[in-house]
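# Per-entry structural report
Given next are the chains, with one letter for each unit.
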Amino acid sequence: MIPPGLLPEGLRDRLPPQAEAAAALVRSLTASFASHGYEHVQPPMVEYEESLGSRLGGAARRELLRFTDPVSQHTLALRSDITGQVGRIAVTRLAAAHRPLRLSYAGLVLRVRGSQLSPERESVQVGAELIGSDAPAAAREIIALAVEALRQTGLADLSLDITIPTLVADLAQSGWPLGKASLAEVQSLLDGKDSGGLAALGAGAFEPLIAAAGPAAAALARLFALALPAHVRARLESIAALIADLQGVTVTLDPTERHGFEYQTWIGFSLFGAGILGEVGRGGAYAITTPDDTAEPAIGFSLYVDGLVDAGLGVTDPRRILLPLGTPPETGADLRAKGWSTIAAFNDNDKPADFRCSHILDGVEPRLI
Ligand SMILES: N[C@@H](Cc1c[nH]c[nH+]1)C(=O)O
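Now for a quick tour of the structure. (Residues numbered from 1 in each chain as written. Predicted model: local features only at pLDDT ≥ 70, side-chain atom pairs only at ≥ 80, totals over all residues. Heavy atoms only, no water.)

### Focus on the overall build of the protein chain
Threshold: The secondary structure listing takes helices from DSSP runs of H or I that are at least 4 residues long and strands from runs of E that are at least 2 residues long, numbered from the N terminus. Relative accessibility under 20% of the residue-type maximum defines a buried residue, over 50% an exposed one, and the middle range a partly exposed one, all with a 1.4 Å probe and only protein chains included. When checking whether two residues touch, look at their non-hydrogen atoms; a contact exists if any pair is within 4.5 Å. Accessible surface is estimated by sampling points in the Shrake-Rupley manner with a 1.4 Å probe; for residues, cover comes only from the protein chains shown. The sign given to each residue is positive for Lys and Arg and negative for Asp and Glu; His and the chain ends receive no count. Each charge is placed at NZ for Lys, CZ for Arg, CG for Asp and CD for Glu.
Along its length, the protein chain carries 13 helices and 16 strands. When the backbone C-alpha atoms are referred to their principal axes, the protein chain occupies close to 85 × 55 × 45 Å. Counting over 369 residues, the protein chain shows a buried share of 43%. Sequence separation of 24 or more characterises 64% of the internal contacts of the protein chain that already satisfy a separation of 6 or more. Roughly 18,500 Å² of accessible area belongs to the protein chain as shown, and the carbon and sulfur atoms make up 56% of that amount. Here the protein chain contributes 31 positively and 42 negatively charged side chains, and the mean placements of these two sets differ by 0 Å.

### Describing the packing of aromatic side chains
Going by this rule: Two rings from Phe, Tyr or Trp (for Trp, the six-membered ring) form a pair when their centres sit within 6.5 Å of each other. Planes less than 30 degrees apart are called stacked, planes more than 60 degrees apart edge-to-face, and all others tilted.
What the rule picks out here adds up to 3 aromatic pairs. Judged by centre distance (5.4 Å) and plane angle (80°), the ring pair of Phe33 and Phe301 falls under edge-to-face. Separated by 268 residues along the polypeptide, Phe33 in helix α1 (residues 18-35) and Phe301 in strand β12 (residues 295-304) bring together distant segments of the chain. In terms of burial, Phe33 and Phe301 fall into one category: buried.

### Quick word on the site of the ligand
The line we're drawing: Consider each residue's heavy atoms; a residue with any of them within 4 Å of a molecule or strand counts as near. Polar contact criterion, stated in full: a pair of N or O atoms within 3.5 Å, where within protein one must be able to donate a hydrogen and the other to accept it, and residues adjacent in sequence count only if both atoms are side-chain atoms.
The full set close to the ligand counts 14 residues, and Asp81, Thr83, Gln264, Ser302 and Tyr304 are the nearest of them. Contacts to the ligand include Glu129, whose side-chain N or O atom sits 2.9 Å from a nitrogen atom. Starting from 300 Å² of accessible surface for the ligand in isolation, the protein chains cover 93%. The set of elements that each furnish at least two residues to the shell around the ligand consists of β6 (122-131), β11 (281-289) and β12.

### Digging into the sheet that holds β6
As a reminder of what qualifies: Two strands are said to pair when DSSP picks up at least two bridges between them. Note on method: axes are straight lines fitted to C-alpha atoms, helices fitted across the in-contact stretch only, with angles between N-to-C directions ranging 0 to 180 degrees.
Pairing within the open sheet is mixed, and its 9 strands lie in the order β1-β5-β6-β12-β11-β10-β7-β9-β8. The sheet is open, and its two borders are formed by β1 (39-40) and β8 (214-215), each paired with just one other strand. With 7 bridges connecting them, β6 and β12 associate as antiparallel partners. Considered in β12, the bridge of Gln125 is made with Tyr304. Against the sheet, helix α4 (residues 83-91) contacts β5 (101-110), β6, β11 and β12, and its axis sits at roughly 35° relative to β6.

### Re the pairing of strand β4 (residues 75-78)
Pairing of strand β2 (residues 46-48) with β4 involves 3 bridges; the strand directions are antiparallel. Bridge pairing links Tyr48 to Leu76 in β4. With 4 bridges connecting them, strand β3 (residues 65-68) and β4 associate as antiparallel partners. Note on β4: the bridge partner recorded for Thr68 is Thr75.

### With respect to the pattern of salt bridges
Quick reminder of the rule: Any Lys or Arg side-chain nitrogen found within 4 Å of a carboxyl oxygen on Asp or Glu counts as a salt bridge.
One pass over the full model with this rule turns up 15 salt bridges. Note that Arg12 is salt-bridged to Asp306, the shortest N-O span being 3.1 Å. Of the two residues, Arg12 is situated in the segment before α1 and Asp306 in helix α12 (residues 305-310); the sequence distance between them amounts to 294 residues. For Asp306, a relative accessible area of 13% translates into the label buried. Linking Arg99 and Glu296 is a salt bridge whose minimum nitrogen-to-oxygen distance equals 2.8 Å. A residue pair is termed long-range when its members are at least 10 positions apart, and Arg99 in the loop between α4 and β5 and Glu296 in strand β12 qualify at 197 residues. The network of salt bridges with shared partners includes Arg12, Arg14, Glu120, Asp306 and Asp310.

### What to know about the side chain of Gln264
Among the secondary structure elements, Gln264 is positioned in strand β10 (residues 264-272). Beyond its immediate sequence surroundings of up to four residues, Gln264 is in contact with Pro165, Thr166, Gly283, Gly284, Ala285 and Tyr286.

See below:
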């Protein structure tokens, strides 16, 4: 017998005040997005596995919880990420909408396994996607929006880690010698920062990329010193310009980091902040496959609300007031209009503390307890 309060591993109930903080954070973040013209969409929790899976990168796809729909007998999956769903909406129902299209979303996602850093399997994602362009101006808008929205929640010490997921492939394509190694081998040697391994296989040309990681200005300077094809140089220049715009954010660059950026293209980024162990958000440029098999460029990000809640953000100080038995309804309405949360007593001996009230209505005036 499963004890009544027990939940499966990695799942939890949020209670007050954390559940309220989570709701307040979702409101604050979506309001920031709306103020920049991002309109809300609400995809369903569950979709056909085939269609959902095809729009997700490696890790998110492996993390899908799949099951057979007893009604249609189709394999369905619970979403592990919302970005792919927004992409699907953009190229189907909103295919005719003017570009760039600015969409936002908020909702629960579920993955089969938690990670070491965060054992939770269910989490709340809130995000914004700019569809129809992944040009430097789009990247600038999206990153500035993520930073502004996070700042509005009160998150301090923001830092941004930028990566260029397609860099190694682009360089190989432009003629940087892979030696005896395959592209995948070079990428995994770079993941392991294995200079010796690269040299041994004749792919030493890629070795300077290992040292070009760290604080962004120095890392970019190292990259600019290399023989880069013009389009890669242009991207690096747009990253440099974008960083120059960001005030008060610590920016680092790891040009070859790909882990977790399986579907992002020329730029990917993670966001971090004070008091949060893992990343607080992640985003980047990507391509959405359209029904006629062409690709539409997009760029966006998702923020992970649970980390913000765990860092103590979003907690408002609700002014809770106990209304003694017999308080006229208009008095309650008046107080609520002034921002109070009113709690109606059901008994004469109800005490403010029993309901976490800081005040009690004394005649017509709130009285501090
Ligand atoms: N949804 C992605 C991040 C992303 C949003 N848009 C583009 N990339 C994630 O959580 O990893």
